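Tertiary structure, described
Listed below are the residues making up each chain.
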Amino acid sequence: MPVSADTVPVKKAKSFPLYRTVAGFVRDPLLQLQRINEAADGELARLGLGASRPYLATHPDHVQQILRRESENFLRDGVFWRPLNRLMGTSILAEGDDWELSKRVLQPVFTTRNVNRLTDLMATAINDAVEKLRGQERAGRTVNGLPEMSRIVNETVIKVLFGDKISPVEADRMIPAFDQVARSIAYRFLLPFVPRVIPLPGDRSFRAGVKIMDETLFELVDRYRDDPGDGGDIFTVLCEARRAPGSGLTDTWVRDNLLAMFATSTETTTLALTWLWPLLNDHPDVSARLHEEIDRVVGSERVRAEHLHELPYVKQVVQELLRLYPVGWLFPRMATKPTTIGGVSIKPGETVLISPFLTHRLASVWERPLEFDPDRFAPENARTLHRYAYFPFGGGPHQCIGRHVFNVEAQMILTSILSRFRPTITHPIPAMPRIGATLRPREDIKLTLTPKAANEPPKPKEPQEPRKSQGSVAARTLSVNHEMP
Ligand code: HEM
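Residues numbered from 1 in each chain as written. Predicted model: local features only at pLDDT ≥ 70, side-chain atom pairs only at ≥ 80, totals over all residues. Heavy atoms only, no water.

The strand order across the open sheet formed by six strands is β1-β2-β3-β9-β6-β4, and the pairing between neighbours is mixed. The open sheet terminates on both sides in strands that have one partner only, identified here as β1 (14–17) and β4 (74–75). Sheet analysis places strand β3 (residues 55–57) next to strand β9 (residues 351–354), joined by three bridges and oriented parallel. Opposite A57, over in β9, you have I354 as the bridge partner. (Pairing = 2+ DSSP bridges. Helix = DSSP H or I, 4+ residues; strand = E, 2+ residues; numbered from the N terminus.)

The following block contains the structure:
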């Protein structure tokens, strides 16, 4: 493990040719990155990505330097951001004045105070959405994990954050269209240096998805532009900012921010919750402890915000879930001034990639990094880790504004599902990410939801699995080939 960033004399970063052919990289990017991660062991690595040669920074000191100490130097710019900039370039996901203004307008929706104010509404929305799993066609039968998590998250977010202003018909148009956009952007994200004039797989599907999103989003802007109502939701704050005299803001600015907020508030939470099921399936000891805690605290009641204070293990499971599957797994920065990281000179215009996925799996930072072990986050095991050893929500000025929402929402959804059902995976499959801008499971995760009896006593803990199998999901992600969409 190298020492801190500034104490090492100027040197060259270790260079890793990421692929000999584009096809090889596209087939198995995550495995290659993980191998590099292990070989570099926290030192700054330089990736040979053909025309572009970004650095990969995984050491917590380096991550802190880039995201926090030198955040004014390292900007969200450069080839890796192009696909996103084209999609929502004046939004909170941009940089500079557009980002600052968008953030100032949206921030009040996400303060701890406002999120606390919204928890009752969130609990109602989640209980109602989860209750639908009891439908004749679902209880006791197989459900597809990702679309069901997506439905629950979307119904919740639309009610709570978007003030219920997106109708079910509009949601039914937007959700699959956005899914299409999120999947098809993968090639452009992984091969950012390929010029736009050269077609890549996914381009057509991307354009079709964006067209549908745009039709719906601009209709919504038209409807709420002059009369957004009150309620402090995302529509209200954006439309009010646009209406303010002399704001100079346009419909496109509102549309860009609606899309950015829709993307960040739905896709991330959906994917994180989808990864939960294979992990629990592989770890019956964790699953049994969760059921015991939830049965004892919530029983057959509808989950409420107050329950969360009495569910410490639920919180630990969610924290550990985001250690192994931080769905915002890779985010790039571009240097604007000369600097050094870990003794390596970085020139203006060069890109540095940051990856919580890789930092969270560094053996020199985490013990047994590939094992799913929620007890790492138990108060009695608290040890002083580097602030940037664990950063699923990023850090510095761009740190995720949705982290409080996510924490409350994910804990409530998990609790609400496990208070009603005993989910099992129908055909256990290796849970492998298919990577793009986010970590998506490559195969469908099919769940059988066995309803719990109303007065079912908590089940005794099942015997502990041998240690070896405890990291199996995580380990397998890295040992088998993945394919692109
Ligand atoms: C599993 C859940 C989530 C994860 C892992 C996650 C991760 C992240 C990360 C890593 C960043 C920093 C990106 C960067 O530095 O370039 C970020 C930013 C952001 N996240 Fe999240 N996020 C999650 C959930 C949410 C939710 C639920 C919302 C909204 C309700 C949200 C809204 C945002 C926004 C708007 C930003 C941009 C903030 C800025 O640049 O000022 N996220 N998120």
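The next thing to look at is the coordination of the iron atom of the ligand. Among protein residues, the single donor to the iron atom of the ligand is C400 (SG), with a metal-donor distance of 2.3 Å. Mapped onto the elements, C400 comes out in the loop between α15 (356–359) and α16 (403–420). (Donors = N, O, S within 2.8 Å, 3.2 Å for Na, K, Ca; no water.)

Axis separation between helix α8 (residues 168–184) and helix α12 (residues 251–282) bottoms out at 11 Å; the angle between their running directions is 85°. Comparing their axes, α12 and α8 come out roughly perpendicular. Each of M174, I175, F178 and A182 in α8 lies in contact with α12, whose residues at this interface are L259, F262, A263, T266 and E267. Per-class residue counts for the contact of α8 with α12 are seven nonpolar, one polar and one charged. (Axes fitted to C-alpha atoms, helices over the stretch in contact; angles between N-to-C directions. Parallel < 35°, antiparallel > 145°, perpendicular 65-115°, else oblique. Contact = heavy atoms within 4.5 Å. Nonpolar A, V, L, I, M, F, W, Y, C, P; charged D, E, K, R; others polar.)

R76, W99, R333, H398 and C400 are the nearest of the 28 residues found near the ligand. The contact in question runs from an oxygen atom of the ligand to an N or O atom on the side chain of R76, over 2.8 Å. The contact in question runs from an oxygen atom of the ligand to an N or O atom on the side chain of R333, over 2.6 Å. Taken atom by atom, the bulk of the ligand overlaps the largest cavity. Elements supplying a minimum of two residues to the shell around the ligand: α5 (96–106), α12 and β6 (331–335). Grouping the amino acids of the shell around the ligand by side-chain chemistry returns 17 nonpolar, eight polar and three charged. (Near = heavy atom within 4 Å. Polar contact = N/O pair within 3.5 Å; in protein donor to acceptor, adjacent residues only side chain to side chain. 1 Å grid on protein atoms, 1.4 Å probe; cavity = no way out; pocket = protein on both sides within 12 Å on 5 of 7 lines; lining within 4 Å. Sits in = over half its atoms within 2 Å of the grid points.)

Let's shift gears to the sheet that holds strand β13 (residues 446–451). Read from one edge to the other, the open sheet built from three strands follows the order β5-β13-β10, with strand pairing classed as antiparallel. Edge positions in the sheet fall to β5 (142–144) and β10 (421–425), since each of these pairs with one other strand and no more. Direction aside, neighbouring strands of the sheet carry axes that sit 40° apart on average. Of the strands in this sheet, β5 and β13 touch helix α7 (residues 145–160), which is tilted by about 70° from β5.

Below, the discussion takes up the layout of surface pockets. A volume near 410 Å³ is recorded for the largest pocket. Looking at the largest pocket, it is lined by 24 residues, and the ones nearest its centre are L146, P147, D179, R183 and R440. Secondary structure elements with two or more residues in the lining of the largest pocket: α7, α8, α12 and β12 (439–441). For the lining of the largest pocket, the element with the highest residue contribution is α12, accounting for six residues. Class assignment for the residues of the lining of the largest pocket results in nine nonpolar, six polar and nine charged. (Points joined across faces, edges and corners; volume = space filled by probe spheres on them.)

Here the distance between the centres and the angle between the planes together describe a pair of aromatic rings. In the structure shown here, the tally under the stated rule is twelve aromatic pairs. Centroid distance Y224 to F235: 5.1 Å. Interplanar angle 50°. Geometry classified as tilted. With Y224 in helix α10 (residues 203–224) and F235 in helix α11 (residues 234–243), this pair connects stretches of sequence that are eleven residues apart. Residue Y224 shares its accessibility class with F235, and that shared class is buried. Here the aromatic residues F162, F178, Y224, F235 and F262 are joined through ring pairs into a cluster of three or more. (Phe/Tyr/Trp six-rings, centres within 6.5 Å; stacked < 30°, edge-to-face > 60°. Buried < 20%, exposed > 50% of the residue type's maximum accessible area, 1.4 Å probe, protein only.)

In this section: a positive patch on the surface. A surface patch of positive charge is lined by R82, R86, R196, R204 and R207. Elements supplying a minimum of two residues to the positive patch: α4 (82–88) and α10. Judged by relative accessible area, which is 59%, R196 ranks as exposed. (Patch = residues over 30% accessible without salt bridge, like charges linked within 9 Å, V, L, I, M, F, W, Y side chains within 5 Å. Areas by Shrake-Rupley, 256 points an atom, 1.4 Å probe, with all protein chains shown as cover. Salt bridge = Lys/Arg side-chain N within 4 Å of Asp/Glu carboxyl O. Lys, Arg positive; Asp, Glu negative; His and termini not counted. Charge placed at Lys NZ, Arg CZ, Asp CG, Glu CD.)

Attention now goes to empty space enclosed by the protein. One way to see where empty space is left: roll a probe the size of a water molecule over the atoms. Counting across every chain of the model gives four cavities of 30 Å³ or more. As for the largest cavity, its lining consists of 50 residues, of which L93, T264, T268, G328 and C400 are closest to the centre. Within the residue set of the lining of the largest cavity, elements represented by two or more residues are α4, α5, α8, α12, β6 and α16. At nine residues, α12 tops the list of elements feeding residues into the lining of the largest cavity. Classifying every residue of the lining of the largest cavity gives 34 nonpolar, eleven polar and five charged.

Attention now moves to the pairing of strand β2 (residues 45–48). Side chains A45 and L47 of β2 all project onto a buried face; the interleaved residues R46 and G48 project onto the opposite face, where all are buried too. Summarising the sheet, β1 and β2 pair through four bridges and their orientation is parallel. Counterpart to S15 in the pairing with β2 is R46. Strand direction decides the pairing type here: β2 and β3, joined by two bridges, are antiparallel. By the bridge assignment, R46 is partnered in β3 with Y55.

Quick look at the UniProt feature "binding site: heme" (unreviewed entry) in the protein now. Taking the numbering used here, the UniProt-annotated feature "binding site: heme" (unreviewed entry) corresponds to C400. Residue classification places C400 among the partly exposed residues on the basis of a relative accessible area of 27%. (UniProt positions renumbered as here; feature names shortened; annotations may be inferred.)

As a rule of thumb, nonpolar side chains are buried together in soluble globular proteins. If you look at the biggest cluster of nonpolar residues, it comprises 130 residues, and the most contacted ones within it are L161, F162, I234, L258, W277, L414 and I417. Considering each element in turn, this core owes the most residues, 16 residues, to α12. Core analysis: the next-biggest nonpolar cluster, separate from the first, contains 17 residues, L44, F331, I341 and Y388 among them. (Core = buried A, V, L, I, M, F, W, Y, C linked by side-chain atoms within 4.5 Å.)

Position of R255 among the secondary structure elements: in helix α12. A polar contact of 2.6 Å, which involves the side chain of R255, links it to the side chain of D214. What R255 contacts, discounting residues up to four positions off in sequence, is L87, M88, V210, D214, L217, F218 and V221.

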